[in-house]
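# Coordinate analysis (summary)
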Amino acid sequence: MARKPLGLDKMGIQKTMRFGDYLADGGGQFALNGISGLVGAITYFYTDKVGVSALTAANVLLAAKICDAFTDLIMGKIMDNGKSPKGKCRPWFLRMAIPVFVAIVALFTVPKGLTGVAQIAYLLGTNLLATAIVSTAIAIPYGAILVLRTKSIEERNTMGIFRAALGYIIGMIIAIALVPITNLLGPNGVADQAAYIKFAVVVGAISMILMFVLYRHSKETGEETKRQDDGIPFFDAIGKLFKNKYWVIVLVANLFVFVIYAISGASGTYYAKWILGNDNIVGIMGAVGLIPTFVGFAVVGPMAKKFGVRKTLLIGFAVGIIGAAVRVFFPDNLIVTLTAGLLPSFATIPMMCLGGTMNSMAMDYNDYLYGNKIIGMSASACSFGQKIASGLGGSLIGWILAAAHYDPSAAAATSAVRYGIYTFSIYLPLVMLVVLFLIVSRFDIEGKYADMMAQIKARNEAEAAAE
């Protein structure tokens, strides 16, 4: 039986996505957030389960992210120059399906007995494999295919919502269930390394399966695929990107939002254990945190239609600022933590949903400025922000704990440790939300978008007529 043809969106653009396509597309974000979430939470595993010092853990994560910063742009150029008959983006989902499983499990299989340089080499090598290689090779094509899959901003927004929802599911599983489940799997109700490995095997296997599904359902529209950016030299392309203020805004906004997200995922265990008195409370904190998540996913679509992308983001950041400011005055109160703490969580949801749409508009602005979308390297903005943030969040926690002389075997937290935990749990997110509000307020492309696209169309038609 023939499937019912898809119609046009409200702007008169042909739709290309069905419900199953949205679900399959969102599976890629599950795999990416599985890696970033585990990397963000791995500081606690290193310090309290493997015996690595907080300073060593922080420096390993930072070193991996410095390397990762370069591989994003390199991967963007590799993808743009690809010649596969399956497309420029789609083949990478198949190529990385098995490596994503290997990379996730390898993070936790730190050989017992390793010390010194050998231990650091293993930690750095597995972090590089997971973030700089596997995650990069998925994230850049994944970010780019949003532009190639559909021209409809409406469908791009919906893709972003599905991606954020499925990515948030694994993020919340890690934030809520990692400690309770690994404790359950460990001997006498206390997690050991083997418990973490079992958890990683399950996350890795699901991620691998979803990458195969993503490959099967992905498509690249013919017209956009033909207009790729093969001829731009690497450093020329980088220069053009940094002259595009909208790409820079997306780059910085992604970095800050996902630092907040990474800190939230990694700091909860420390907060529950040392401030609230029981690390299992992190499960309650995470469960309550699902409330703003569900609300956010429910309202972002309607808000974007009514207010536009920029205003929707600004409303979210303003709400988050209020919640974080309240926590400053009541840092030890469980009720305040579970209520006002919901608001900064809500603030990150709109950016997670609409960041891909923002990046696609920045690519269209490249086309307007240069006659080239610079798709692959432009896609590195979202990937760069997410992956640098996942390591930077963990590194910030490690540095602060090291400065406070954190001792995981102590009977109680010292005053310095308590204020260190307040810093990365409350103060830093508040500052970053304020900066995000100021930065995103300058993302004013929506008012220019219709005229910009009309000029691009007219230019392309004139060039085609001249050929």
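### Side note on the side chain of E155
Looking at where E155 falls in the secondary structure, it is placed in helix α6 (residues 153-185). Residue classification places E155 among the buried residues on the basis of a relative accessible area of 2%. At 3.0 Å, the side chain of E155 and the backbone nitrogen of M17 are in polar contact. If we skip the residues at most four places from it in the chain, E155 touches Q14, K15, T16, M17, Y22 and T150.

### Here's the deal with the packing of helix α5 (residues 116-149) against helix α14 (residues 342-370)
Taken N-terminus to C-terminus, the directions of α5 and α14 make an angle of 70°; their axes are 10 Å apart at the nearest point. Considering the angle they form, α5 stands roughly perpendicular to α14. Here α5 and α14 pass one another in a crossing that is right-handed. The residues of α14 that touch α5, namely those facing G143, L146 and V147, are G356, S360 and M363. Of the residues that constitute the contact of α5 with α14, the class distribution is three nonpolar, three polar and no charged.

### A word on a nonpolar patch on the surface
On the surface, I322, V326, F329, F330 and L343 cluster together into a nonpolar patch covering about 490 Å² of accessible area. Here the nonpolar patch takes three residues from helix α12 (residues 309-329), the largest share from any one element. By the secondary structure assignment, F330 is in the loop between α12 and α13 (334-339). A relative accessible area of 46% means that F330 is categorised as partly exposed.

### Remarks on the nonpolar core
Within soluble globular proteins, side chains that are nonpolar tend to cluster in buried spots. Within the largest apolar cluster, 133 residues are counted, with the highest numbers of intra-cluster contacts made by V100, Y270, F317 and I421. Ranked by the residues each element gives to this core, the list is headed by helix α10 (residues 245-275), at 18 residues. Counting five residues, the second-largest nonpolar core is a separate cluster that includes M17, Y22, L146 and F162.

### Topic: the confidence of the model for the protein
Residues with a pLDDT of 70 or more make up 93% of the protein, whose mean pLDDT is 84. Taking the mean pLDDT of every element in the protein, the minimum, 49, falls on helix α8 (residues 222-226) and the maximum, 95, on helix α4 (residues 97-106).

### Some details on the packing of aromatic side chains
Taken as a whole and assessed by the stated rule, the structure comprises 16 aromatic pairs. Their ring planes at 50° and their centres at 6.0 Å tell us that F45 and Y46 sit as a pair that is tilted. Accessibility assignment for this pair places F45 and Y46 in one class, buried. Relative to Y406, the ring of Y270 lies with its centre 5.6 Å away and its plane at 80°, an arrangement referred to as edge-to-face. Taken together, the positions of Y270 in helix α10 and Y406 in the loop between α15 (375-403) and α16 (415-440) put the pair 136 residues apart, joining distant regions of the chain. A residue is classified by how much of its surface remains accessible, and Y406, at 12% relative accessible area, is buried. Here the aromatic cluster, defined as three or more aromatic residues joined through ring pairs, consists of Y44, Y270, W274, Y406 and F424. Between R95 and the ring centre of W92, over which it is positioned, the NZ or CZ distance is 4.5 Å. R163 extends its terminal NZ or CZ atom over the ring of Y142, reaching a point 3.7 Å from the ring centre.

### Considerations on the side chain of T126
Within the secondary structure, T126 sits in helix α5. Judged by relative accessible area, T126 falls into the buried class, the value being 7%. A polar contact of 2.9 Å, which involves the side chain of T126, links it to the backbone oxygen of Y122. If we ignore the near neighbours within four places in the chain, the residues touching T126 are A106 and L107.

### Points about α6
Relative to the 48 Å expected for 33 residues at 1.5 Å per residue, α6 spans 45 Å between its end C-alpha atoms, a close match to the ideal helical length. In α6, a bend of some 55° at A177 exceeds every other bend along the element, and P180, a proline, comes one to four places later.

### Some remarks on the pattern of salt bridges
Taken as a whole and assessed by the stated rule, the structure comprises 10 salt bridges. One salt bridge in this structure joins D25 and R163, with 2.6 Å as the shortest N-O distance. Of this pair, D25 sits in helix α1 (residues 19-50) while R163 sits in helix α6, and the two are 138 residues apart along the sequence. The burial state of D25 is the same as that of R163; both residues are buried. R418 is the partner of D332 in a salt bridge, and the nearest nitrogen-oxygen pair spans 3.4 Å. Here the residue D332 occupies a position in the loop between α12 and α13, and R418 occupies one in helix α16, the gap between them amounting to 86 residues. The exposure class assigned to D332 is partly exposed, which follows from its relative accessible area of 41%.

### Describing the environment of Y370
With respect to the helices and strands, Y370 occurs in helix α14. Expressed as a C-alpha distance, the spacing of Y370 and K240, which sit 130 residues apart in the sequence, is 8.1 Å. Sequence-distant contacts of Y370, defined by excluding residues within four places in its chain, comprise K240, K243 and N244. At 2.8 Å, the side chain of Y370 and the backbone oxygen of K240 are in polar contact.

### A closer look at the packing of helix α11 (residues 281-307) against α12
Running from N to C, α11 and α12 cross one another at 125°; their axes reach a closest spacing of 7 Å. Here α12 runs oblique to α11, going by the angle between their axes. Considering only the axes of α11 and α12, their crossing is right-handed. Contacts between α11 and α12 involve M303, A304 and F307 on the former and, on the latter, V309, K311, T312 and I315. Each residue belonging to the contact of α11 with α12 can be placed in one class, and the counts come to five nonpolar, one polar and one charged.

### Examining the environment of I275
Structurally, I275 is set in helix α10. C-alpha separation for the pair I275 and L107, spaced 168 residues apart in sequence, amounts to 28 Å. Dropping the residues within four chain positions of it, I275 is found in contact with Y270, P331, D332, R418, I421 and Y422.

Quick notes on the rules
- Along each chain, the written sequence defines residue order, and numbers are assigned to residues from 1.
- It should be noted that, the model being predicted, local features are given only for residues of pLDDT at least 70 and side-chain atom pairs only at 80 or more, the latter also being counted only at that level, while totals for whole chains, interfaces and linings use all residues.
- Computation of side-chain values covers all heavy atoms of the structure but excludes hydrogens and water.
- In this description a helix means any DSSP run of H or I spanning at least four residues, a strand means any run of E spanning at least two, and both kinds are numbered starting from the N terminus.
- The buried label applies to any residue whose accessible area, calculated with a 1.4 Å probe on protein chains only, is under 20% of its type's maximum; exposed applies above 50%, and partly exposed to all values in between.
- Polar contacts, as used here, are pairs of N or O atoms within 3.5 Å; protein pairs need one atom able to donate a hydrogen and one able to accept it. Residues neighboring in sequence count only if both atoms are side-chain atoms.
- For this analysis, residues touch if any pair of their heavy atoms sits within 4.5 Å.
- Axis lines are fitted through C-alpha atoms, for helices just across the contact stretch, and the angle between N-to-C directions can take any value from 0 to 180 degrees.
- Note that the term roughly parallel is reserved for angles under 35 degrees, roughly antiparallel for angles over 145, roughly perpendicular for angles of 65 to 115, and oblique for everything else.
- Left-handed describes a crossing whose near helix is turned anticlockwise from the far helix through less than a right angle; right-handed describes the clockwise counterpart.
- Three residue categories are used. Nonpolar comprises Ala, Val, Leu, Ile, Met, Phe, Trp, Tyr, Cys and Pro, charged comprises Asp, Glu, Lys and Arg, and polar comprises the others, including Gly.
- Patch membership is restricted to residues that have no salt bridge and whose relative accessible area is over 30%. Joining uses 9 Å for like charges and 5 Å for the nonpolar side chains Val, Leu, Ile, Met, Phe, Trp and Tyr.
- Each accessible area value is a Shrake-Rupley result obtained with a 1.4 Å probe; residue values ignore everything except the protein chains displayed when judging cover.
- For salt bridges, the criterion is a side-chain nitrogen of Lys or Arg within 4 Å of an Asp or Glu carboxyl oxygen.
- Put simply, a nonpolar core is a bunch of buried Ala, Val, Leu, Ile, Met, Phe, Trp, Tyr and Cys residues held in one set by side-chain atoms that sit within 4.5 Å of each other.
- Residue-level confidence of the predictor is what pLDDT reports, using numbers from 0 through 100.
- When the centres of two rings from Phe, Tyr and Trp lie within 6.5 Å, Trp using its six-membered ring, the rings pair. Their planes under 30 degrees apart give stacked, over 60 give edge-to-face, and anything left gives tilted.
- The criterion for a charge sitting over a ring is simple: Lys NZ or Arg CZ within 6 Å of the ring centre, and within 35 degrees of the ring normal.
- What a helix should span is 1.5 Å times the count of its residues minus one.
- Bend is the name given here to the angle between axes fitted to two runs of seven residues, the run ending at a residue and the run starting at it.

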